Amino acid sequence: MESSHVIALQAKHDGLEQQLHAEMNRPEPDSAMIQTLKRQKLKIKEAIAHS
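Reading the values: rules and limits
- Residues numbered from 1 in each chain as written.
- Predicted model: local features only at pLDDT ≥ 70, side-chain atom pairs only at ≥ 80, totals over all residues.
- Heavy atoms only, no water.
- Salt bridge = Lys/Arg side-chain N within 4 Å of Asp/Glu carboxyl O.
- Helix = DSSP H or I, 4+ residues; strand = E, 2+ residues; numbered from the N terminus.
- Buried < 20%, exposed > 50% of the residue type's maximum accessible area, 1.4 Å probe, protein only.
- Expected span 1.5 Å × (residues − 1).
- Arc of directions from axis to C-beta.
- Core = buried A, V, L, I, M, F, W, Y, C linked by side-chain atoms within 4.5 Å.
- Contact = heavy atoms within 4.5 Å.

A. Region of the structure containing the pattern of salt bridges. In this structure the tally under the stated criterion is two salt bridges. A salt bridge links Lys 41 to Glu 17, with the shortest nitrogen-to-oxygen separation between them at 2.2 Å. Here Glu 17 lies in helix α1 (residues 4-24) and Lys 41 lies in helix α2 (residues 31-49), a separation of 24 residues in the sequence. The exposure class of Lys 41 is buried, given its relative accessible area of 15%. For Glu 23, the salt bridge goes to Arg 26, with nearest N and O atoms at 3.0 Å.

Set out below in structure tokens:
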């Protein structure tokens, strides 16, 4: 059974994935924003793995 903390982290990760997908599909994607979103996703993924 997953804790509410892990569920919240997964929800954040999913939200970042949606933002990343939207940014990458823009006519002129902001590469700095893409890198920021990817870093945030990685931090959350690591937090989930250590939970």
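B. Local environment of α1. Counted at 1.5 Å a residue, the expected span for α1 with its 21 residues is 30 Å, and the 30 Å between its end C-alpha atoms agrees. By the burial criterion, the buried members of α1 are Val 6, Leu 9, His 13, Leu 16, Leu 20 and Glu 23. The arc that holds the buried residues of α1, viewed along the axis, is 100 degrees, so those residues lie on one side. Seen from the open side of α1, the exposed residues pointing more than 90 degrees away from its buried face are Ser 4, Gln 18 and His 21.

C. Quick peek at the nonpolar core. Core analysis: the largest hydrophobic core is formed by six residues, namely Leu 9, Leu 16, Leu 20, Ile 34, Leu 37 and Ile 44. Of all the secondary-structure elements, those providing two or more residues to this core are α1 and α2. Beyond its immediate stretch of four places on either side in the chain, Leu 20 contacts Ile 34, Leu 37, Lys 38 and Lys 41.

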